[in-house]
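Chain by chain, the residues:
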Amino acid sequence: MTSVDQFVQKVIASPSPYSELDAIYVHNRITGLIGDDDFVTAVDDQLSSLTAALVQTAIAHGKIEDSPSDRDILADQLMDLVTPLPSVLNQTFWNKYQTSPETATDYFYQLSKANDYIKTRAIAKNVVFPAQTDFGDLEITINLSKPEKDPKAIAAARDQPENGYPLCQLCMENEGYLGRLGYPARSNHRIVRLTVGGETWGFQYSPYAYFNEHSIFLDQVHRPMQINRQTFSNLLEIVTQLPHYFVGSNADLPIVGGSMLTHEHYQGGRHVFPMMKAPIARSIDVGVAGVQAGVVKWPMSTIRLTSANRVALIDAATKIHNTWRDYTDESVDVRAYTDGVRHHTTTPIARKVGDDYVLDIVLRDNQTSDQYPDGIFHPHQDVQHIKKENIGLIEVMGRAILPARLKTELNEVGKYVLGEANEMAPMHQPWADALKAQNTFTTDNVTDILHREVGKVFARVLADAGVFKWDAAGEAAFDRFVTALNA
């Protein structure tokens, strides 16, 4: 049996639109993409192995070039054959939702992995380890599936004129899009439609998931991200529909925001982050009846709101956001505006705990200065050898997304501290020398120590991003902000 025949069987057995009567049609669809199946056979009958074999056949026939873009486009075209049509997927999802929200998301998540929309093989290459800190166990990941993004490039991209189709990678027009050089293939991409705030939104999974069931909720309309009262309402509405998921929004300003500021969207999923486990350091009064509030023991300045009353919770979140937006305290370098440019916004994260809603509001400030040109409340220069990117929603909650370069670079640091020949990057030299002075390294402990120290650096990164520090001056400044809330 050829790889094409094996793949045809997989297509017919999948939840695709095809049945046994369609076998010849599907066979011809495949050979039209790859040529005759006379070059490569799969090592096993796994869908991923069969797809790889068919892609190799297409290259051998000259149907595509041997390039990452062409490979991805063809692979996703093949996987599209085992994927239900958008209308069928949506109908199935909402039918299963009648059983339970978990049943519906389990179906969608498993399908998104099975058709290789979620790149499980790439994700499996990521390095993941815990790190004990004064703020609990942080989660450290070295991301080997996507390239590092430069904060200045992200900010510049926000101001670029938009053209082309789709307008961005978060638009609904990506569903089934073939892809092109420099733009990802999306033939096997599917989006569940849902109603949020009386408007149509999409729910999909992230192809390069950073945590369990990493989801994206996107506005049907291509418009810039913004944080306001409607944001808080939307987040609570989503966790009402999917109470087993959390959902949060990146900040809506450069430097403190995420990498995609041009399209309104949120991220969510089924994961308990370190920040969610962090305790309340002290209770506060935000002046809204029925809402419990407290300052979270967390390196980034966070107010946790809890209530069973969604409207009251939205009122409290809006009050915090609006007060912070215009709040200035020069004594701790907090400035709402400079030369008419706004610097303040929030990162909100919502979840359900029993009958209560919990809404964490993280205060953000994107100022720069001569001393800190990348951001006053951004990873400072001495830790950028580990983490330079924006501190987005996922990092805010305590899961580091570190660049792929670190896997190789930490190996070289390890050789250096062991006194072995190495090619350590010069930017790691001060850090490595400090580690050598503080530790006795052996081949048995070098990895554990480096992981521990990377965790400490990430804790410092989060502390840099915190607007009110955990010292006497910072706590007093936080108290002044709370007083301003009730002024």
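Residues numbered from 1 in each chain as written. Predicted model: local features only at pLDDT ≥ 70, side-chain atom pairs only at ≥ 80, totals over all residues. Heavy atoms only, no water.

By the naming in an unreviewed UniProt entry, the protein goes by Galactose-1-phosphate uridylyltransferase and is assigned to Lactiplantibacillus fabifermentans DSM 21115. Note on the protein: under the UniProt heading Pathway (unreviewed entry), the record states "Carbohydrate metabolism; galactose metabolism." Within the UniProt record for the protein, the comment given under Subcellular location (unreviewed entry) is "Cytoplasm". (UniProt positions renumbered as here; feature names shortened; annotations may be inferred.)

A. Focus on the environment of Pro 84. By the secondary structure assignment, Pro 84 is in the loop between α4 (68-80) and α5 (86-97). Residue class for Pro 84 comes out buried when judged on its relative accessible area of 2%. Expressed as a C-alpha distance, the spacing of Pro 84 and Pro 17, which sit 67 residues apart in the sequence, is 6.1 Å. Not counting residues within four places of it along the chain, the set of residues in contact with Pro 84 comprises Pro 15, Ser 16, Leu 89, Tyr 107, Leu 111 and Arg 190. (Helix = DSSP H or I, 4+ residues; strand = E, 2+ residues; numbered from the N terminus. Buried < 20%, exposed > 50% of the residue type's maximum accessible area, 1.4 Å probe, protein only. Contact = heavy atoms within 4.5 Å.)

B. Structural context of the environment of Val 413. You can see Val 413 is positioned in helix α13 (residues 405-417). Discounting chain neighbours no more than four positions away, the residues touching Val 413 are Met 424, His 428, Trp 431, Ala 432 and Leu 450.

C. Quick look at unusual backbone geometry. Residue Pro 166 is bonded to the preceding Tyr 165 through a cis peptide linkage, with omega at -15°. Notably, Glu 213 is not glycine yet its phi reads approximately 55°, a positive angle. Its identity as a non-glycine residue notwithstanding, Asp 333 has a phi of 65°, on the positive side. Here Asp 333 shows up in the loop between α11 (310-325) and β11 (337-338). By relative accessible area, which is 33% here, Asp 333 ends up partly exposed.

D. Looking closely at the packing of aromatic side chains. Inspection of every chain in the model, using the stated rule, returns 23 aromatic pairs. Both rings, one in Phe 203 and one in Tyr 245, keep their centres 6.4 Å apart while their planes meet at 75°; by these two values the pair is edge-to-face. In this pair, Phe 203 sits in strand β4 (residues 199-205) while Tyr 245 sits in the loop between α9 (229-241) and β6 (246-248), placing the two residues 42 residues apart along the sequence. Judged by its relative accessible area of 2%, Tyr 245 is buried. Between Phe 468 and Phe 478, the aromatic rings sit 4.9 Å apart at their centres with planes inclined by 40°, giving tilted as the arrangement. Of this pair, Phe 468 sits in the loop between α15 (446-465) and α16 (472-485) while Phe 478 sits in helix α16, and the two are ten residues apart along the sequence. Grouping residues by exposure puts Phe 468 and Phe 478 together as buried. Grouping aromatic residues by their ring pairs yields a cluster made of Phe 93, Trp 94, Tyr 97, Phe 108, Tyr 109, Phe 203, Tyr 205, Phe 217 and Tyr 245. (Phe/Tyr/Trp six-rings, centres within 6.5 Å; stacked < 30°, edge-to-face > 60°.)

E. Representation of the nonpolar core. Of all hydrophobic cores here, the largest spans 58 residues; its most connected members are Phe 203, Phe 217, Val 286, Leu 305, Ile 320, Phe 468 and Phe 481. Per-element tally for this core: the top contributor is α11, with seven residues. With near-sequence residues (within four places) excluded, Val 286 lies in contact with Ala 293, Leu 305, Ala 316, Lys 319, Ile 320, Leu 485 and Asn 486. (Core = buried A, V, L, I, M, F, W, Y, C linked by side-chain atoms within 4.5 Å.)

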